[in-house]
Amino acid sequence: MTTKNAIFIYSSEFEKYHYPSEHPFHTVRAQRVREIVSPMGLLSGSGGSEVSPKPAERIVLKKFHTARYLHALKAAAAGHLDVEALQMGIGSQDCPVFRGVYEYSVLAAGGTLTAAKMILSGQADIAFNPSGGYHHAGPELAAGFCYINDVALACIILAEQKKRVLYLDVDVHHGDGVANAFYGRSDVLTISLHQNPKTLFPGTGFENEIGTGAGYGYCVNVPLPVGTYDQAYLKAFEAVVLPLMKAYNPDVIVFELGADALAGDPLANLSLTNNVYAEIINHLMNFNKPILATGGGGYNVDNTVRAWALAWSIFCGADRDEDTSHALGGVLLESTEWQGGLRDRALAVTEQQRNAVEPAIEAVVQEIKKTIFPIHGL
Ligand SMILES: [Zn+2]
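This write-up is about the structure you can find in this document.

Conventions we followed
Residues numbered from 1 in each chain as written. Predicted model: local features only at pLDDT ≥ 70, side-chain atom pairs only at ≥ 80, totals over all residues. Heavy atoms only, no water. Helix = DSSP H or I, 4+ residues; strand = E, 2+ residues; numbered from the N terminus. Expected span 1.5 Å × (residues − 1). Buried < 20%, exposed > 50% of the residue type's maximum accessible area, 1.4 Å probe, protein only. Contact = heavy atoms within 4.5 Å. Salt bridge = Lys/Arg side-chain N within 4 Å of Asp/Glu carboxyl O. Axes fitted to C-alpha atoms, helices over the stretch in contact; angles between N-to-C directions. Parallel < 35°, antiparallel > 145°, perpendicular 65-115°, else oblique. Left-handed = near helix turned anticlockwise from the far one by under 90°. Nonpolar A, V, L, I, M, F, W, Y, C, P; charged D, E, K, R; others polar. Phe/Tyr/Trp six-rings, centres within 6.5 Å; stacked < 30°, edge-to-face > 60°. Lys NZ or Arg CZ within 6 Å of the ring centre and 35° of its normal.

The terminal C-alpha atoms of helix 9 (residues 274–286), which comprises 13 residues, lie 19 Å apart, in line with the 18 Å expected from a rise of 1.5 Å per residue. Taken residue by residue, helix 9 has Asn274, Asn275, Val276, Tyr277, Ala278, Ile280, Ile281, Leu284 and Met285 as its buried positions. Contact partners of the buried residues in helix 9: strand 3 (126–129), strand 4 (165–169), helix 8 (230–248), strand 7 (252–256), strand 8 (291–294) and helix 10 (301–315). Downstream of helix 9 by a residue or two, asparagine 288 has a phi angle that is positive, lying close to 65 degrees.

What follows covers the pattern of salt bridges. Following the criterion strictly, the structure yields nine salt bridges and no others. In this structure, glutamate 13 and lysine 16 form a salt bridge, with 3.1 Å as the shortest nitrogen-oxygen distance. For glutamate 13, a relative accessible area of 33% translates into the label partly exposed. What you see here is one network of salt bridges that share partners, running through Arg68, Glu84 and Glu140.

Let's shift gears to the packing of helix 8 against helix 9. With their axes 11 Å apart at the nearest point, helix 8 and helix 9 run at an angle of 20 degrees to one another. In terms of orientation, helix 8 and helix 9 fall into the roughly parallel class. Helix 8 and helix 9 meet at a crossing whose hand is right-handed. Packed against helix 8, whose contacting residues are Asp230, Tyr233, Leu234, Phe237, Glu238, Leu242 and Met245, the element helix 9 presents Asn275, Val276, Glu279, Ile280, His283 and Leu284 at the interface. For the contact of helix 8 with helix 9, a count of residues per class yields eight nonpolar, two polar and three charged.

Next up on the list: the packing of aromatic side chains. By the definition in use, this model includes 19 aromatic pairs. When the ring of tyrosine 218 is compared with that of tyrosine 248, the centres are 6.0 Å apart and the planes differ by 65 degrees; the resulting orientation is edge-to-face. In this pair, tyrosine 218 sits in the loop between strand 5 (188–195) and strand 6 (219–224) while tyrosine 248 sits in helix 8, placing the two residues 30 residues apart along the sequence. Here tyrosine 248 falls in the buried class, since its relative accessible area comes to 2%. Linked through ring pairs, Tyr10, Phe14, Tyr17, Tyr19, Phe25, Phe98, Tyr104, Tyr134, Phe145, Tyr147 and Tyr299 together constitute an aromatic cluster. A cation over a ring is seen here: arginine 164 above tyrosine 248, with NZ or CZ 4.1 Å from the ring centre.

Written out as structure tokens, the structure reads:
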């Protein structure tokens, strides 16, 4: 594999903003990823480098969000929360109004858009914004902890430049805001792997939701049963995503890397280790197209931070176990007894789990092969 120019998107400005203390979303995750990868030498020099984003411009935000919504979000942040804003999800339990919510969301979106621009200009082969990935926000809707849909905006910007975009979403929740945005389009293929929506927010993302009109067959949903473990997940990924990626042949991959599918996430019920993300990233990098990666969900903060630090080390071509454990020099996260660096220890799979998970995944894979693959000549 050739050396990639990898850009880490971060600004200390992000450290100013916090969801309310009782809220599960922790903006500090990006900062903590940085605290791990910086001493490893992965933010300067040959491996990777760091770029500070500017807030997204209003004219760009309006490519996805309505003026009415942007106005309401800004006004709410300034203390003016009215019924209209509440009807758009602003100020709900999931999407509370916190100090600087508008500024934070617009800066986070600016990070993902900076990543898109650097990929378009050829300055970056890989760009990672751990403060991005707000895939649930709608044009006029705050939902699922998301206010500004940075990933939909990035796909729009890339598609405007005539790029074929693969949007791949491995967050444990269905990437509904992005799927809906491109449901009738074939220039952005959306693929979301997530926990079965019968058992998890947002309740959409079944395998029979496959797009409409020109977008028919260009929306792919892979719902996964509770308890899905590494090998089963990878089997689904390899059976569905790899052939579609090859057939679609995108110019750029937008990768929403929510880490809430990891075992131990307090909001979801899959049983993955971060080794799955490592495998997926290796697959994506072998495909040799630019990758715009973002954060997303991930509510066990320590596990999420470690997964994203591992992801970044792979993006930088630095995931050699002995290197990472040496470079960490004992700076391991307190909550894990595992001393093997950034990678999680493999988790045992029970017979019962295997029997529950495998047939469900096999059925989904077969359905996708039947309905979607022929549209792509597979
Ligand atoms: Zn999520």
